[in-house]
2 protein chains.
Amino acid sequence: MSSIEQYAFGPFKIDPRQVFYSTPLSYALVNLRPLLPGNVLVCPRRDAVRFGDLTADETRDLWLTAQTVGTQLESYHKASSLAFAIQDGPQAGQTVPHVHIHIVPRKAASSEENDGNKDVKEKQKLDLDIQMKNRTMEEMAQEADEYRSLLSKI
Amino acid sequence: MSSIEQYAFGPFKIDPRQVFYSTPLSYALVNLRPLLPGNVLVCPRRDAVRFGDLTADETRDLWLTAQTVGTQLESYHKASSLAFAIQDGPQAGQTVPHVHIHIVPRKAASSEENDGNKDVKEKQKLDLDIQMKNRTMEEMAQEADEYRSLLSKI
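Quantities reported herein were computed from a predicted structural model and do not represent experimental measurements.

Caption draft 1: Layout of the overall build of chain A. When helices and strands are tallied, chain A shows three helices and seven strands. Across chain A, helices and strands are ordered from the amino to the carboxyl terminus as β-β-β-β-β-α-β-β-α-α. Residues counted as buried form 38% of the 154 residues belonging to chain A. For chain A, restricting intrachain contacts to residue pairs at least 6 apart in sequence, the fraction spanning at least 24 positions comes to 64%.

Caption draft 2: Region of the structure containing the interface of chain B and chain A. With 30 residues of chain B at the contact, the number on the chain A side is 30 residues. Contributions of two or more residues to the side of chain B that touches chain A are made by α1 (56-76) and β6 (81-88) of chain B. The class makeup of the residues in the side of chain B that touches chain A is 12 nonpolar, 11 polar and seven charged.

Caption draft 3: Geometry of the pairing of strand β3 (residues 19-22) of chain B. Residue and element names in this part refer to chain B. When β3 meets strand β4 (residues 26-30), the two strands line up antiparallel, connected through three bridges. If you follow Val19 over to β4, its bridge partner there is Leu29. Hairpin remark: β3 followed by β4, antiparallel, with three residues in the connecting loop.

Caption draft 4: Up close: the sheet that holds strand β6 (residues 81-88) of chain A. If you walk across this open sheet you meet the 10 strands as β3(A)-β4(A)-β5(A)-β7(A)-β6(A)-β6(B)-β7(B)-β5(B)-β4(B)-β3(B), and the pairing is antiparallel. This sheet does not close on itself; its edge strands, each paired only once, are β3 (19-22) of chain A together with β3 of chain B. Adjacent strand axes in the sheet meet at a mean angle of 20 degrees, parallel and antiparallel pairs treated alike. Summarising the sheet, strand β5 (residues 40-44) of chain A and strand β7 (residues 101-106) of chain A pair through three bridges and their orientation is antiparallel. Among the inter-strand pairings, A:Leu41 is bridged to a residue of β7(A), identified as A:His102. Strands β3 and β4 (26-30) of chain A of the sheet are contacted by helix α3 (residues 137-152) of chain A, whose axis makes an angle of about 30 degrees with β3(A).

Caption draft 5: Local environment of the relation of the copies chain B and chain A. Taken as rigid bodies, chain B and chain A are interconverted by a rotation of 180 degrees and an axial shift of 0.0 Å, the fit giving an RMSD of 0.0 Å. Taken together, the rotation and translation describe the operation of a two-fold axis. Same-surface contact between copies: 100% of interface residues of chain B are shared with the interface of chain A.

Caption draft 6: The nonpolar core, seen in detail. With 62 residues, the main nonpolar core has A:Phe84, A:Ile103, B:Phe84 and B:Ile103 as its most contacted residues. Non-local contacts of A:Ile103, meaning those with residues more than four positions away in its chain, are made with A:Asn39, A:Val40, A:Val42, A:Ala66, A:Val69, A:Gly70, A:Leu73, A:Leu82 and A:Phe84.

Caption draft 7: Here's a closer look at the pairing of strand β7 (residues 101-106) of chain B. Residue and element names in this part refer to chain B. Among the six residues of β7, six are classified as buried, and the element is accordingly described as predominantly covered. Residues Ile101, Ile103 and Pro105 point to one face of β7 and His102, Val104 and Arg106 to the other, with burial holding for every one of them. Taken together, the six bridges between β6 and β7 define a ladder with antiparallel strand orientation. Looking at the pairing, Phe84 lines up with Ile103 of β7.

Caption draft 8: Expanded view of the packing of helix α1 (residues 56-76) of chain A against α1(B). One way to put it is that α1(A) packs onto α1(B) with a least axis distance of 9 Å and a crossing angle of 120 degrees. Taken as axis vectors, α1(A) and α1(B) run oblique relative to one another. Our pair here, α1(A) against α1(B), has a crossing hand that is right-handed. Contact residues: A:Ala56, A:Thr59, A:Arg60, A:Trp63, A:Leu64 and A:Gln67 in α1(A); B:Ala56, B:Thr59, B:Arg60, B:Trp63, B:Leu64 and B:Gln67 in α1(B).

Caption draft 9: Representation of unusual backbone geometry in the model. Residues and elements named next belong to chain A. Although it is not a glycine, Lys78 sits at a positive phi angle of roughly 50 degrees. By the secondary structure assignment, Lys78 is in the loop between α1 and β6. Looking at Lys78, the number of C-beta atoms within 10 Å reads 9, which means it is exposed.

Caption draft 10: How the structure looks around the environment of B:Ile86. Along the chain, B:Ile86 falls in strand β6. Note: C-alpha distance between B:Ile86 and B:His100 (14 residues apart in sequence) is 6.2 Å. Beyond its immediate sequence surroundings of up to four residues, B:Ile86 is in contact with A:Phe84, B:Phe51, B:Val99 and B:Ile101.

Caption draft 11: Here's a closer look at the environment of A:Gln18. Residue and element names in this part refer to chain A. Examined against the element boundaries, Gln18 turns out to sit in the loop between β2 (12-13) and β3. Note on Gln18: 22 C-beta atoms within 10 Å, which makes it buried. Dropping the residues within four chain positions of it, Gln18 is found in contact with Leu29, Val30, Met140 and Ala144.

Parameters and conventions
Sequence positions are assigned chain by chain, starting from 1 and proceeding in written order. Chains carry letters and ligands carry numbers; both start at the beginning, A for chains and 1 for ligands, and go up in the order they are written. For this predicted model, a pLDDT threshold of at least 70 governs which residues receive local features, and a threshold of 80 or more governs which side-chain atom pairs are given and counted, while totals over whole chains, interfaces and linings are taken from all residues. Every helix listed is a DSSP run of H or I at least four residues long, and every strand listed is a run of E at least two residues long, numbered separately from the N terminus. Around each residue's C-beta, the other C-beta atoms within 10 Å are counted; 20 or more make the residue buried, 12 or fewer make it exposed, and counts in between make it partly exposed. All C-beta atoms are placed from the backbone. Once C-beta atoms are placed from the backbone, any two residues with those atoms within 7 Å are in contact. Classification used: nonpolar for Ala, Val, Leu, Ile, Met, Phe, Trp, Tyr, Cys and Pro, charged for Asp, Glu, Lys and Arg, polar for all others including Gly. The pairing criterion is simple: DSSP has to find at least two bridges between the two strands. Helix axes use the C-alpha atoms of the stretch in contact, all axes being lines fitted to C-alpha atoms, and the angles between their N-to-C directions lie in the range 0 to 180 degrees. In superposing the copies, a least-squares fit is computed on C-alpha atoms, taking residues whose pLDDT is at least 70 in both. Remark: nonpolar core denotes a set of buried Ala, Val, Leu, Ile, Met, Phe, Trp, Tyr and Cys residues whose joining runs through C-beta atoms within 7 Å. Any angle from 65 to 115 degrees is called roughly perpendicular, while one under 35 is roughly parallel, one over 145 is roughly antiparallel, and all others are oblique. Less than a right angle of anticlockwise turn of the near helix away from the far helix marks a crossing as left-handed, whereas a clockwise turn marks it as right-handed.

Take a look at the structure:
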């Protein structure tokens, strides 16, 4: 029995190839449909639906994990800011009933994106509800390998 | 000297009447320009700019405070979900250079809001960048009084 390779995510079982960092209480995975490059998720290992369901130890560990992962991914993606968000319950946009932090590295819009288009500001907004295309496991595994290597160095 | 009444928020000093809950490391305040009813902020007492600047103790305390405050305000506002967000750095929309968690109670759209308007989904999205009108200190103090009373009971 290999308990270390069991990652619950609500009704789903997460393939360990998607997971690039873990602690006894939390794990971080690459996203099936990233909003932007480096958009990853950090979850408690225990199958908890609401943020308020977490114990103090789980809450501490979850956010220290998010802090570590966010700092590394911001640097890796040459970004200068991070968005952290929990959609805690269906009316906040939660679609998978398992607590998860979205982390998204953010950077200044490139000159191409910033060409005077009046919708630039709109486009820069973080839309957690947007429907993206599913990636293949190979794409996700490759990204996770890079982050695993990155985080193994700290 | 009353250190308990000094609340730094980047370059601003927060009037203690806005603060409704505090711990040795964190405090919670009502918002000058709330996005929705019950939109409050939770900050570290120390004047830290980025989430990654917080110590493990500060991170733990900040999120346990957010958990406590969020749970109480969700119930108080008869909501069913919560949005938690940190805009960590200017490219993520941070406008005050002091770590702060936005908490926003969310509920199902009322029938009035849900009248078939195609923009309903758009309106329901949480836009942390939106410019709202400043409230008066009296309005904020009244809201903070209600939450202070609520949280004193737990």
